[in-house]
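In case you want the letters, here they are:
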There are 2 protein chains.
Amino acid sequence: MFQLALDYLQETQSQVGDRIINFLPTNHSSAEVEKFYRMMMDYPTRAGKRIRPALCLLMCETWGAKAEKALDTAVALELLQSWLLIHDDIEDESILRRGVPCLHQTYGIPLAINVGDGLHCKMWEMLIQNQRTLGYELTFQILSEFIDLSNRVVEGQHIELSWVENNAWDQTEQDYWQMCVQKTAWYTCITPCRLGALIGGAKTNELDAFIEIGMNLGVAFQIQDDVLNLIGQEDVYGKEIGGDIEEGKRTLILIHLFDACTQAQSQDLIKIMGKPREAKTKNEVQHVLDLMKSYGSIDYAQQRAKSLADQAQRGFQEHFAHLDSPSALIAKSIFSNLIRFIIERQH
Amino acid sequence: MFQLALDYLQETQSQVGDRIINFLPTNHSSAEVEKFYRMMMDYPTRAGKRIRPALCLLMCETWGAKAEKALDTAVALELLQSWLLIHDDIEDESILRRGVPCLHQTYGIPLAINVGDGLHCKMWEMLIQNQRTLGYELTFQILSEFIDLSNRVVEGQHIELSWVENNAWDQTEQDYWQMCVQKTAWYTCITPCRLGALIGGAKTNELDAFIEIGMNLGVAFQIQDDVLNLIGQEDVYGKEIGGDIEEGKRTLILIHLFDACTQAQSQDLIKIMGKPREAKTKNEVQHVLDLMKSYGSIDYAQQRAKSLADQAQRGFQEHFAHLDSPSALIAKSIFSNLIRFIIERQH
């Protein structure tokens, strides 16, 4: 169904994984610092899908350059993902990440914050090293893309965290869209594609076409993630099923449910969702899930994700019809297949 | 006594403060994001001594360039300090920072971690902007200094945090020295001086002379900080007096005490120091402080700081005797005075 995409992801996975192992430090005269290095190696080497680096490498190839040229930048995207997830897991009080306890669950919050900071520094180190092979100008353009992206991600993250902090449950679909574009779409789709295309040799207007395409695709990706969190299989998905309900996460599904249900149910929902995770009973989580199913909120979200992915698909085909070399055509068909994977995946 | 130093610090303070206010964002269409911007502005504009930027600007002048040339780099040092302190305050469960509640005490840990991350991104943004005025090559050299520094700081931080995590109290003076060099000396003295000198036009061997000078000065700075934490005046010092005992911080003073006291007292000390901060009574904190005084541990630390500062003073005079232009002589006398300030300061 999406074998092309899976093959490409698998190839990326080993390339990126090898480069990370090769790049992050392992040896030090202090045993304690070596322990720190092992902790830094943890998240980046947990078996993720590596969609972000894959998009980056693929777009580099679409514009006719060797994927190798974008490898370190793709790895930096994975390091970004790692430090963000370590801090995000602390902020959300998460338990599992990719099937294994979150870093702070094993080592405590203080050490985990610091490991995230360490990986954050390593991300910039990797990007600065680009200069050796890509030269000053391109390296600076890449750095600027990362600066823009990081600023967006922390702002999106702030918005989402402040909803939790303020116990606010009145988000509209538009609020969700804005948060999701800043927090997910830019860093999962728009910037990875822009970076790959930039390194491949794309022009500015071509880069800018990725904003709309990546917005649609990124929000579709996030919605599918939220759907899987509710109806996925824990051993395939790698996080606790229903964990988003326990964490009180504002998803499109929940926003739809709030709109669709009765006022009494809505007040009931706020009571349950507003409780801290440890105070929520299994029955309460199940009750919220049942309501989501009975009001068709999950179906609604799945439809929405599908239609956004279709828009992304069309946008990509239209904007880049002029890229028709044999290698570009192959890369483009992999991208199309990746879009399907993104909304039909089970993990 | 150190009026020259105080005047220079005051001048730096307003230059750096103005540039920070001018650089960090304030306006956004979302009120929530504007709140995030205000939170980012908080630590960098709290009245700190700004010793790091001052050292950077002063060394730039010592080599004959205008301080202006190093201003953005000096500001980046201040942004580094800010994100480190926000995360450090969470990791140490601190209460006050510069006389005001720590960020996480006001906004909670999740939002505060994210503000630290936001400032971390802004630090790199500032450094990358250097390219406009300093050109590619110098900008990259500065970026490399920051990469090296950040790696050291997170490693030093890990060592210190792991002592707390493992409830370990058997540190030697050498352990303390190693942690302190990585965590404090590089980022308070060595790198700020190297950066200023680099921008001013110093040669590589001149930059490397700062390693030994800054190591001595940086550890002296940290020891004096730890002394003030015990015997300073809260309203001048800006943190809770005795806070380090409450936090269980491994200081040179404590290490001296462990060496000097009886075995029975040592076991008693471990019991008290190992308790979480909220479980320590005022009497227990006072008891530890009394022991430190009775065994001369504070005097010992003060002597050690003084002798390190003297070494730094001599090293600086010897290594840079050849810099004898009128402006270099002025800058050098300010530096000498700053060294005195660093170990005789009350805040």
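These figures come from a predicted structure and were not determined experimentally. (Residues numbered from 1 in each chain as written. Chains lettered and ligands numbered in written order. Predicted model: local features only at pLDDT ≥ 70, side-chain atom pairs only at ≥ 80, totals over all residues. Heavy atoms only, no water.)

### Side note on the overall build of chain A
Here is step 1 of the chain: The helix and strand tally for chain A stands at 16 helices and two strands.
Here is step 2 of the chain: For chain A, the C-alpha radius of gyration of 20 Å lies close to 20 Å, the compact-globule estimate for 347 residues.
Here is step 3 of the chain: Projecting the C-alpha coordinates of chain A onto the three principal axes gives extents of approximately 60 × 55 × 35 Å.
Here is step 4 of the chain: The buried share of chain A, taken over its 347 residues, is 62%.
Here is step 5 of the chain: Considering only contacts within chain A whose residues lie at least 6 apart along the sequence, 74% involve residues at least 24 apart.
Here is step 6 of the chain: Looking at chain A as shown, the accessible area adds up to about 13300 Å², and 49% of this sits on carbon and sulfur atoms. (Helix = DSSP H or I, 4+ residues; strand = E, 2+ residues; numbered from the N terminus. Rg over C-alpha atoms; globule rule 2.2 N^0.38 Å. Buried < 20%, exposed > 50% of the residue type's maximum accessible area, 1.4 Å probe, protein only. Contact = heavy atoms within 4.5 Å. Areas by Shrake-Rupley, 256 points an atom, 1.4 Å probe, with all protein chains shown as cover.)

### Observations concerning the side chain of B:Thr139
Here is step 1 of the chain: Following the sequence through the fold, B:Thr139 ends up in helix H7 (residues 131-165).
Here is step 2 of the chain: In this view, B:Thr139 contacts A:Phe140, B:Leu127, B:Ile128, B:Asn130, B:Gln131 and B:Leu134; residues no more than four positions away in its chain are not counted.

### Description of the interface of chain B and chain A
Here is step 1 of the chain: At the junction of the two partners, chain B supplies 42 residues and chain A supplies 42 residues.
Here is step 2 of the chain: Contact between chain B and chain A buries roughly 4100 Å² in total, counting both sides, with carbon and sulfur atoms accounting for 70%.
Here is step 3 of the chain: Linking chain B with chain A are zero salt bridges, by the criterion used here.
Here is step 4 of the chain: The tally of links from chain B across to chain A stands at 13 residue pairs in polar contact (both at pLDDT 80 or more). (Buried area = accessible area lost by both parts, 1.4 Å probe. Salt bridge = Lys/Arg side-chain N within 4 Å of Asp/Glu carboxyl O. Polar contact = N/O pair within 3.5 Å; in protein donor to acceptor, adjacent residues only side chain to side chain.)

### So, the nonpolar core
Here is step 1 of the chain: Within the largest apolar cluster, 251 residues are counted, with the highest numbers of intra-cluster contacts made by A:Trp124, A:Phe146, B:Trp124 and B:Phe146.
Here is step 2 of the chain: Discounting residues that sit within four places of it in the chain, B:Trp124 has contacts with A:Trp124, A:Ile128, A:Ile147, B:Leu143, B:Phe146, B:Ile147 and B:Ser150. (Core = buried A, V, L, I, M, F, W, Y, C linked by side-chain atoms within 4.5 Å.)

### A closer look at helix H16 (residues 326-344) of chain A
All names here are of chain A.
Here is step 1 of the chain: With 19 residues, H16 extends 27 Å between its outermost C-alpha atoms, agreeing within 8% with the 27 Å of an ideal straight helix rising 1.5 Å per residue.
Here is step 2 of the chain: If you check which residues of H16 are buried, you get Ala328, Ala331, Lys332, Ile334, Phe335, Ser336, Asn337, Leu338, Ile339, Phe341, Ile342 and Ile343.
Here is step 3 of the chain: Structurally, H16 contributes buried residues whose contacts are with helix H1 (3-23), helix H3 (51-62), helix H8 (173-200), helix H9 (204-231) and helix H15 (297-319). (Expected span 1.5 Å × (residues − 1).)

### Some thoughts on the environment of A:Glu344
Residue and element names in this part refer to chain A.
Here is step 1 of the chain: Looking at the secondary structure, you find Glu344 in helix H16.
Here is step 2 of the chain: Sequence separation between Glu344 and Glu125 is 219 residues; the distance between their C-alpha atoms is 35 Å.
Here is step 3 of the chain: For Glu344, the contacting residues outside a window of four places in its chain are Met1, Phe2 and Gln224.

### Notes on the packing of aromatic side chains
Aromatic ring pairs are defined here through the distance separating the ring centres and the angle between the ring planes.
Here is step 1 of the chain: Counted under the stated rule, the structure contains 23 aromatic pairs over all chains.
Here is step 2 of the chain: Within the aromatic cluster, the residues linked to one another by ring pairs are A:Trp63, A:Phe210, A:Phe316, A:Phe320 and A:Phe335.
Here is step 3 of the chain: Over the aromatic face of B:Tyr187 sits the side chain of B:Arg52, whose NZ or CZ is 4.5 Å from the ring centroid. (Phe/Tyr/Trp six-rings, centres within 6.5 Å; stacked < 30°, edge-to-face > 60°. Lys NZ or Arg CZ within 6 Å of the ring centre and 35° of its normal.)

### Some points on unusual backbone geometry
Here is step 1 of the chain: Positive phi is not limited to glycine here, since A:Asn167 has a value of about 50°.
Here is step 2 of the chain: Positive phi outside glycine occurs at B:Arg50, with the angle close to 60°.
Here is step 3 of the chain: With respect to the helices and strands, B:Arg50 occurs in the loop between helix H2 (31-45) and helix H3 (51-62).

### Some thoughts on the relation of the copies chain B and chain A
Two copies of a chain can be linked by a rotation about an axis combined with a shift along that same axis.
Here is step 1 of the chain: When chain B is fitted to chain A, the residual RMSD is 0.0 Å, and the transformation amounts to a turn of 180° plus an axial shift of 0.0 Å. The transformation just described matches what one would write down for a two-fold rotation axis. Among all C-alpha atoms of chain B, that of B:Tyr136 lies closest to the rotation axis, at 3.3 Å.
Here is step 2 of the chain: Here 100% of the interface residues in chain B have copies in chain A that are interface residues too; the copies meet face to matching face. (Least-squares fit on C-alpha atoms with pLDDT ≥ 70 in both.)

### Remarks on the state of the cysteines
Here is step 1 of the chain: Applying the stated criterion across every chain yields a total of zero disulfides over all chains.
Here is step 2 of the chain: Left unpaired, A:Cys180 is separated from the closest cysteine sulfur, that of A:Cys189, by 9.9 Å.
Here is step 3 of the chain: Looking at A:Cys180, the relative accessible area reads 1%, which means it is buried.
Here is step 4 of the chain: Looking at B:Cys193, it has no disulfide partner, and the nearest cysteine sulfur is the one in B:Cys189, 6.2 Å off.
Here is step 5 of the chain: According to the relative accessible area criterion, B:Cys193 is buried, its value standing at 3%. (Disulfide = S-S within 2.5 Å.)

### Observations concerning the side chain of B:Glu91
Here is step 1 of the chain: Note on placement: B:Glu91 falls in helix H4 (residues 71-91).
Here is step 2 of the chain: Buried charge without a partner: B:Glu91 forms no salt bridge, and the closest opposite charge is B:Lys183, 6.9 Å away.
Here is step 3 of the chain: Dropping the residues within four chain positions of it, B:Glu91 is found in contact with A:Pro110, A:Ile113, A:Asn114, A:Asp117, B:Gln157 and B:Leu161. (Lys, Arg positive; Asp, Glu negative; His and termini not counted.)

### Concerning H2(B)
Here is step 1 of the chain: For H2(B), with 15 residues, the first-to-last C-alpha span of 21 Å sits near the 21 Å given by 1.5 Å per residue.
Here is step 2 of the chain: Within H2(B) the residues assigned to the buried category are B:Val33, B:Phe36, B:Tyr37, B:Met39, B:Met40, B:Met41, B:Asp42, B:Tyr43 and B:Pro44.
Here is step 3 of the chain: At its buried positions, H2(B) is contacted by helix H7 (131-165) of chain A together with helix H1 (3-23), H4, strand S1 (96-97), helix H5 (103-107) and helix H6 (109-129) of chain B.
Here is step 4 of the chain: A distance of 3.2 Å separates the backbone nitrogen of B:Glu32 from a side-chain oxygen at the start of H2(B), and that oxygen is part of B:Ser30.

### Some points on the pattern of salt bridges
Here is step 1 of the chain: Per the counting criterion, the structure on display carries 36 salt bridges over all chains.
Here is step 2 of the chain: For A:Asp208, the salt bridge goes to A:Arg194, with nearest N and O atoms at 2.9 Å. Placement of the pair is A:Asp208 in helix H9 and A:Arg194 in helix H8, with a sequence separation of 14 residues.
Here is step 3 of the chain: As a salt-bridge pair, B:Arg340 and B:Glu344 come within 3.4 Å of each other at their nearest N and O atoms. A residue pair is termed a helical-turn pair when its members lie 3 or 4 positions apart in one helix, as B:Arg340 and B:Glu344 do in helix H16 (residues 326-344) at four residues.
Here is step 4 of the chain: B:Arg340 sits in the partly exposed class, given a relative accessible area of 35%.
Here is step 5 of the chain: With a relative accessible area of 27%, B:Glu344 lands in the partly exposed category.

### Re the packing of H3(A) against helix H4 (residues 71-91) of chain A
Residues and elements named next belong to chain A.
Here is step 1 of the chain: For the pair H3 and H4, the least separation of the axes is 8 Å and the interaxial angle reads 160°. Between H3 and H4, the crossing angle belongs to the class labelled roughly antiparallel. Crossing hand, H3 versus H4: right-handed. Contact residues: H3 offers Arg52, Pro53, Cys56 and Leu57, while H4 offers Leu71, Ala74, Leu77, Glu78 and Gln81.
Here is step 2 of the chain: For the contact of H3 with H4, the per-class residue count stands at six nonpolar, one polar and two charged. (Axes fitted to C-alpha atoms, helices over the stretch in contact; angles between N-to-C directions. Parallel < 35°, antiparallel > 145°, perpendicular 65-115°, else oblique. Left-handed = near helix turned anticlockwise from the far one by under 90°. Nonpolar A, V, L, I, M, F, W, Y, C, P; charged D, E, K, R; others polar.)

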